[in-house]
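These are the residues of each chain, in order.
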Amino acid sequence: MDKRLTVAGRELASLRSEKTIVLAILIQLFVAAFSSFLAVGLVSLYDPGSVSNQFVVEFGVTGEDGEDLVPVLEAKDGWRAVEYDTEEAAMRDFRRGEIHAVLAVERGDDGRAHVWATAPDGNVRTTLVVTQIRDALEAFERHERDRLSSRLERTPVELPPDSSSSPYFGFTYTVLIPLLTFLPVFLSGSVAVDAIAEEYDRGTLELLRVTPLTPTDIVDGKMLAMGILAPVQAGAWLALLSFNGTQIANPVEILLLVTGLSLAVVTMGAATALAFRERKQSQFLFSMGVLVVFSATYLLPESPPNAVAKLAIGSPPTLTHAMVGVYLVISAVGFLALRRVVGRRGLGT
Amino acid sequence: MKARKTLRIARWEVSKNAGQFDRRTVAVAAAVLLLVAVLTPLVASQGITLDDGIYRVGVAEDSPYYDPVAEDPTFVAVSPETENADVWIRSDGIRATDTQKGRAALAELRTTVESYNDRLMAAEADGSAAFPVEVSVEYVEQDRVGGGGASAPATRTPDEGEVGLGGSDGSGGDGSPGDESGTDASGDNSGTGDGDGQVGAPSVGSQGSLFGGGQQGTPSDVAPPFPFESLVLAFAFVLPMNFVIQAYASTILDERINDRGELLLVSPVSRGDIIAGKTLPYLLGMVAIASVTAVGIAVLTPAADGAVSIATTAGTSVLAVIPIALLFLASSFVGAMFARSFKELTFVTVTLSVFLTSYAFVPAIFTNVHPVASISPLTLVVRALRGTAVTLGEYAFSTGPLYLSSAVLFALGAGVYREEDMFTQRSVPLKFLDALNGQISGARSVAKLSALSIPFVFVGELLAVALLFALPVELSMPILLIAIAFVEEVAKSVHVYAGFAHARFARSLRSVGILGFLSGLGFFLGEKAVAVAQLVGLPDLELGRAAFGTVTGLGVETSPLVLAGLLFAPLALHAVTATTTAYGASRDRRWYAITLVWATLVHAAYNLTVVSHLG
């Protein structure tokens with residue numbers, strides 16, 4: 001066993017001496033920060049209420065039946081209705097930036113209300129205002145449906161109460177945590193390809209073979225070094241996130257899942273490199289292969305990112321626990337199969 | 001550089017690769033590609049859902065809420081009696097656990113019920129009672145909010161046709177009424193026509209707000225102008241590049257292992273020939289892939305009918321993507337010239353992939369929302385796919401920095417494409433210093449390098465803005481100012497440090513003064529050139545002002561005298577700080593670090609003064 005540890009230790013030492021692994025950490029930090037930027041940025045564009053509660057959208061209401069809309073708008077704190085007699089007056093104020101949107105309401109012959117909404121074009125407010133227009137008109141729609149309920153056969157389900165929740169919450173568990181736990185896994189696989197392809201390419205495998213190491217020892221050691229990196233990084237991220245106030249529900253099980261996946265991906269990388277030897281081909285095939293395998297998991301009843309999301313948020317059904325076991329078994333089988341092949345065929349010449 | 005020699009090396013590169021691809025590799029690659037082709041539609045048809053089953057809702061089967069909950073995969077319906085749920089729906093009301101998760105689940109439930117109601121109503125016979133509100137959205141430009149420019153355009157009357165469109169009534173039937181009430185038919189409305197919503201093919205040309213295209217439907221059809229589908233399609237251009245640069249970087253690094261590149265170096269061809277020849281096949285490959293993608297997308301989702309428009313769309317997309325391809329190649333070339341081993345190369349290329357992809361991708365999200373989008377060529381692709389014309393000026397603005405950066409990077413890498421650098425093992429930072437030193441040929445080249453660093457400085461500053469975005473503004477603003485100052489100070493001084501480290505300049509106070517002034521001058525001129533481009537290309541870019549405007553003096557309205565002062569104050573600042581760091585660079589690394597910190601602080605203090613006095 002310690003022979004393998006020596007190989008693994010040497011691999012890790014070479015990573016340490018090059019220090020470029022810092023880049024890998026940096027990428028993850030960047031991805032984390034950037035996706036937060038995107039999420040917070042987009043969320044605030046989509047659902048400004050979650051970020052700035054003080055912002056009041058001022059709607060200019062005009063048109064023949066504008067007065068029907070006004071009470072709906074006044075019912076909510078974040079909306080204010082400004083009534084105009086003519087559309088021209090409303091548009092003038094809109095262009096001056098005194099109101100955020102113009103809603104012109106007019107009823108057709110069948111009683112349906114037509115609303116011509118005007119939103120600001122091409123600035124940061126656009127998304128914000130358009131979302132508010134949608135919400136306001138949805139409220140108006142509900143109000144109208146209530147009024148016309150006698151003409152309807154079915155009754156709309158009453159909406160649950162509004163709750164002030166950050167949409168960022170869901171994002172953290174469904175995107176950020178899976179991303180941060182899986183990114184190191186793919187990197188590890190890629191580096192495992194390099195670690196083996198390099199020995200072939202530089203001709204240093206000969207030197208390793210004259211040592212009392214068996215081919216399985218060499219491969220084991222290299223895979224151990226790479227396979228251990230991903231769970232360590234994932235664990236660090238989970239610790240960091242919970243330190244930062246994000247509760248992670250099943251850290252041990254997540255780490256088990258990551259370890260299983262890491263083993264599987266590193267096995268894939270090592271197998272590709274052993275089969276093709278040249279870095280160019282192996283890296284290409286490996287990255288395509290990972291892409292295929294990973295997207296194929298979406299056809300399973302539960303994909304790994306979804307499993308991580310459920311585990312982290314704390315509502316894993318029995319299926320999730322079973323899937324973790326399945327992933328662990330599959331990767332162990334793959335690893336043992338690779339060892340057998342290496343043990344029988346050696347590392348080639 | 002000779003075309004014939006370049007072509008011959010390119011041919012070698014291709015035939016060498018073809019030789020390596022034996023039958024087995026080709027077979028495996030084909031199998032993998034086939035799998036991709038088979039899997040993509042399968043996975044896409046299933047939809048990539050990340051939030052399946054993350055919330056538990058306790059709801060009885062006879063409750064009216066049972067159906068909405070059961071139909072949304074985000075929720076798992078459990079018995080209302082259980083303790084283990086996030087939201088309970090009982091006869092006495094709806095209750096959520098008092099946690100973030102409970103509140104999030106409740107908010108999610110609300111949207112779910114909303115869309116369930118819309119589906120329920122779609123089955124009603126009386127369409128005008130089921131969907132009693134019909135909306136059409138119009139995008140109209142507002143004048144600058146809060147003064148600033150002259151207020152003359154305020155007298156503009158509303159355009160004809162925006163008001164009282166009329167004519168849309170009596171369209172009974174179920175679901176969203178799809179009558180075109182004749183605004184302008186640019187930007188085919190995807191939200192209308194097909195029943196309840198946007199299923200099926202990705203709708204590229206929805207909600208073109210740039211030219212005031214309208215949209216119409218029920219209130220829930222109203223969507224912010226977010227070009228999501230177009231972005232996914234545009235992403236199809238960038239993803240393959242990540243695979244190509246893997247191979248390209250391998251080729252370059254291959255030359256550096258076991259002195260393999262020696263043979264080419266001693267042959268009667270120039271460095272430029274070798275590099276161009278080795279790069280050419282990969283560039284052509286990327287362009288070929290991009291062309292296939294472009295034609296495919298343009299045919300599948302035509303912005304307008306006719307072969308000519310498809311060709312235009314595809315052509316514009318490819319032209320917009322070429323500079324991204326060049327930058328990918330250039331930076332992975334430099335990465336491969338610096339890397340010591342395959343492992344290091346992997347880290348470097350992955351980093352490059354992530355950074356470049358986000359640089360190209362993220363600003364394009366703000367297409368139609370914010371002018372900052374135009375810094376990414378992908379915005380051009382998105383617009384081309386929507387059938388919007390792209391002007392030459394816009395093309396130059398989006399792609400110019402990328403062409404320039406690629407040229408600089410190739411020059412930097414070419415500088416170390418020589419025996420003494422290629423085959424030695426040095427750490428990446430030292431290689432970087434070597435490469436910079438290779439570009440220095442006298443005091444004046446210091447100014448040139450400072451000026452050429454501008455595109456990288458801008459990228460760095462944009463990344464800083466993006467990274468610090470999530471922090472509260474009291475914290476992010478000072479950090480941002482310091483980060484920006486630091487990036488600029490490094491850009492002005494690192495090549496000076498490289499020059500001193502390689503003993504290219506005399507370590508005297510006189511040369512420190514000259515180098516500092518020249519470096520500051522070069523940076524100042526580069527910055528001004530960009531400022532002019534900014535003025536031409538992006539007249540109302542507000543975001544850039546906080547970051548870049550302070551030093552360019554742009555967008556500040558004041559007397560000509562102060563303006564002239566503002567024009568030259570940055571020059572003084574850059575010269576002073578660059579001289580400070582040059583002094584440190586002339587001593588040793590420790591001194592360089594100390595002076596760098598000092599210069600950064602001075603620079604940040606200056607920026608802070610300008611921001612608080614003029615902002």
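Here is what the cut-offs are and how they apply
Residues numbered from 1 in each chain as written. Chains lettered and ligands numbered in written order. Predicted model: local features only at pLDDT ≥ 70, side-chain atom pairs only at ≥ 80, totals over all residues. Helix = DSSP H or I, 4+ residues; strand = E, 2+ residues; numbered from the N terminus. Rg over C-alpha atoms; globule rule 2.2 N^0.38 Å. Buried ≥ 20, exposed ≤ 12 C-beta atoms within 10 Å, placed from the backbone. Contact = placed C-beta atoms within 7 Å. Pairing = 2+ DSSP bridges. Nonpolar A, V, L, I, M, F, W, Y, C, P; charged D, E, K, R; others polar. Domains from an automatic or database assignment. pLDDT = per-residue confidence, 0-100. Arc of directions from axis to C-beta.

Draft legend 1. The arrangement of the overall build of chain A in detail. From N to C terminus, chain A includes twelve helices and four strands. On C-alpha atoms alone, chain A measures out to a radius of gyration of 29 Å, which is more than a quarter above the 20 Å that the 2.2 N^0.38 rule sets for 349 residues. Counting across all 349 residues of chain A, residues that qualify as buried make up 48%. Long-range pairs, those at least 24 residues apart, make up 72% of the contacts in chain A between residues at least 6 apart in sequence.

Draft legend 2. Geometry of the pairing of strand S4 (residues 113-120) of chain A. All names here are of chain A. By the criterion of burial, S4 is predominantly enclosed, with eight of the eight residues buried. Residues of S4 alternate between two faces, with Ala113, Val115, Ala117 and Ala119 on one and His114, Trp116, Thr118 and Pro120 on the opposite face, all of them buried. Bridging between strand S3 (residues 101-107) and S4 involves six bridges; their strand directions are antiparallel. From the neighbouring strand, Arg107 faces S4, where its bridge partner is Ala113.

Draft legend 3. Local environment of the interface of chain A and chain B. In this assembly, 106 residues from chain A lie in contact with 101 residues from chain B. Elements with a minimum of two residues in the side of chain A that touches chain B: helix H1 (2-18), helix H2 (21-46), helix H4 (87-96), S4, helix H5 (125-147), helix H6 (168-202), helix H10 (279-296) and helix H11 (304-313) of chain A. Of all the elements, H2 of chain A adds the most residues to the side of chain A that touches chain B, at 15 residues. In the side of chain A that touches chain B, the residues fall into 54 nonpolar, 26 polar and 26 charged.

Draft legend 4. Fine view of the domain arrangement of chain A. Partitioning chain A into domains gives domain 1 (2-42 + 168-345) and domain 2 (54-151). Just the C-alpha atoms count here: the centres of domain 1 of chain A and domain 2 of chain A sit 52 Å apart.

Draft legend 5. Seen up close, the confidence of the model for chain B. All names here are of chain B. Of all residues in chain B, 75% attain a pLDDT of 70 or more, and the chain-wide mean is 75. A low-confidence stretch, residues 145-214 (pLDDT under 50), is modelled with 122 contacts involving residues beyond four sequence positions or located in other chains. Overall, residues 539-556 carries pLDDT values under 50, and its contacts beyond four positions in sequence, including any with other chains, amount to 30 contacts.

Draft legend 6. How the structure looks around H11 of chain A. H11 of chain A sits mainly inside the fold: ten of its ten residues count as buried. What H11 of chain A keeps buried is the set Pro304, Pro305, Asn306, Ala307, Val308, Ala309, Lys310, Leu311, Ala312 and Ile313 of chain A. Turning to H11 of chain A, the residues buried within the fold contact H6, helix H9 (251-276) and helix H12 (318-345) of chain A together with helix H4 (100-122) of chain B. Gly314 of chain A lies just past H11 of chain A and shows a positive phi near 95 degrees.

Draft legend 7. Inspection of helix H3 (residues 66-74) of chain A at higher detail. All names here are of chain A. Buried within H3 are the following residues: Gly66, Leu69, Val72 and Leu73. The buried side chains of H3 occupy one side of the element, clustering within an arc of 115 degrees when seen end-on. Pointing more than 90 degrees away from the buried face of H3 are the exposed residues Glu67, Pro71 and Glu74.

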